[in-house]
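These are the residues of each chain, in order.
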Amino acid sequence: EVQLVESGGGLVQPGGSLRLSCAASGFTFSTYSMNWVRQAPGKGLEWVSYISRGSDSIYYADSVKGRFTISRDNSKNSLSLQMNSLRDEDTAVYYCARSAYDSNRFESWGQGTLVTVSS
Amino acid sequence: DIQMTQSPSTLSASVGDRVTITCRASQSISTWLAWYQQKPGKAPKLLIYKASSLQSGVPSRFSASGSGTEFTLTISSLQPDDFAAYYCQQYHSYPWTFGQGAMLEIK
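By convention here, each chain's residues receive numbers from 1 onward along its written sequence. Here every chain gets a letter starting at A, and every ligand a number starting at 1, in the order they are written. Where totals are concerned, whole chains, interfaces and linings use all residues; where local detail is concerned, this predicted model gives features only for residues with pLDDT of at least 70, and gives and counts side-chain atom pairs only at 80 or more. The basis for every side-chain value is the complete set of non-hydrogen atoms in the structure, without hydrogens or water.

**With respect to the state of the cysteines**
Inference 1: Cysteine sulfur atoms that come within 2.5 Å of each other are treated as a disulfide pair. If you walk through the whole model with that rule in mind, you get 2 disulfides over all chains.
Inference 2: One disulfide bridge connects Cys22(A) with Cys96(A), the sulfur atoms lying 2.1 Å from each other. Measuring handedness by torsion sign, the sulfur bridge of Cys22(A) and Cys96(A) sits at about -65° and is left-handed. One end of the pair, Cys22(A), is in strand E3 (residues 18–25); the other, Cys96(A), is in strand E9 (residues 92–99), and 74 residues separate them in sequence. Residues Cys22(A) and Cys96(A) agree in their burial class; the two are buried.
Inference 3: Between Cys23(B) and Cys88(B) runs a disulfide, and the two sulfur atoms are separated by 2.1 Å. Sign of the S-S torsion, about 75° for the bond between Cys23(B) and Cys88(B), identifies this disulfide as right-handed. Here Cys23(B) is found in strand E3 (residues 19–25), whereas its partner Cys88(B) is found in strand E9 (residues 85–90), with 65 residues between them in sequence.
Inference 4: A residue is classified by how much of its surface remains accessible, and Cys88(B), at 0% relative accessible area, is buried. In this description a helix means any DSSP run of H or I spanning at least four residues, a strand means any run of E spanning at least two, and both kinds are numbered starting from the N terminus. Here's how the labels work: a residue is buried when its accessible area is under 20% of the maximum for its type, exposed when over 50%, partly exposed in between, all with a 1.4 Å probe on protein chains only.

Okay, here's the thing in structure tokens:
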């Protein structure tokens, strides 16, 4: 069974930093691209970042470009999102999501971790 | 960026009803469209991919169709478990974008 477990969320002041992690199990992590998708309180879904299987392709939403960095460690079956210069509007539940093998639809999701940016 | 627009934003229906949600893309995405269901406090769940293909384990009362810029998701006979939010997502091109969501409420 595919399992994605996020951690690292919490309360941070504007301008601060936070690092999210996603532990993957139940599948061969190194053979799938991965994503972060977020959802602000009471709002819809927003794709945040993508990383290919071998980390050779990386993409970001314009809203986080230059502030967030996605990375993965295939030896540890883990995905990370380093978030710097956080803003109020980054407050959201952040989901780790696995791409399908052939396209970037989101086949499997973690339970999410809440990031709150507030002074 | 490709904009995805869903309608209606909110839909009230009863158990047993047939309901349809529409999703429109701002440019052609062929059939690179997925539908997700999300219940309160839970992660989204993939229901449909490639515009009309049912994800494994999803009940057959869910169906979907469309291509190009217009797509629909239909639930043939609503069950209590179906009251949730539904999102479409295009995966034709980066940045991958979602519709704003459609909330299906009990009448």
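Once the structure has been displayed, the description carries forward.
**Notes on the interface of chain B and chain A**
When the parts of a complex come together, some accessible area is lost, and that lost area is often taken as the interface size.
Inference 1: Note on contacts: a residue pair qualifies if any of its non-hydrogen atoms lie within 4.5 Å across the two residues. Listed per partner, the contact involves 17 residues of chain B and 20 residues of chain A.
Inference 2: When two components associate, each loses some accessible surface as probed by a 1.4 Å sphere; the sum of these losses over both components is called the buried area. Here chain B packs against chain A, burying approximately 1,600 Å² in sum over the two surfaces, 64% of which is carbon and sulfur.
Inference 3: Between Lys or Arg on one side and Asp or Glu on the other, a salt bridge is scored when a side-chain nitrogen of the former is within 4 Å of a carboxyl oxygen of the latter. Inspection of the region where chain B meets chain A yields 0 salt bridges.
Inference 4: Any pair of nitrogen or oxygen atoms within 3.5 Å is treated as a polar contact; in protein, a donor-acceptor pairing is required on top of that, and neighbouring residues in sequence qualify only through side-chain atoms on both sides. Linking chain B with chain A are 8 residue pairs in polar contact (both at pLDDT 80 or more).
Inference 5: Elements represented by at least two residues in the side of chain B that touches chain A include exactly strand E4 (33–38), strand E5 (45–49) and E9 of chain B.
Inference 6: Looking at the side of chain B that touches chain A, the element that brings in the most residues is E4(B), giving 3 residues.
Inference 7: We call Asp, Glu, Lys and Arg charged. Ala, Val, Leu, Ile, Met, Phe, Trp, Tyr, Cys and Pro are nonpolar, and the rest, Gly among them, are polar. Here the residues of the side of chain B that touches chain A sort into 12 nonpolar, 4 polar and 1 charged.

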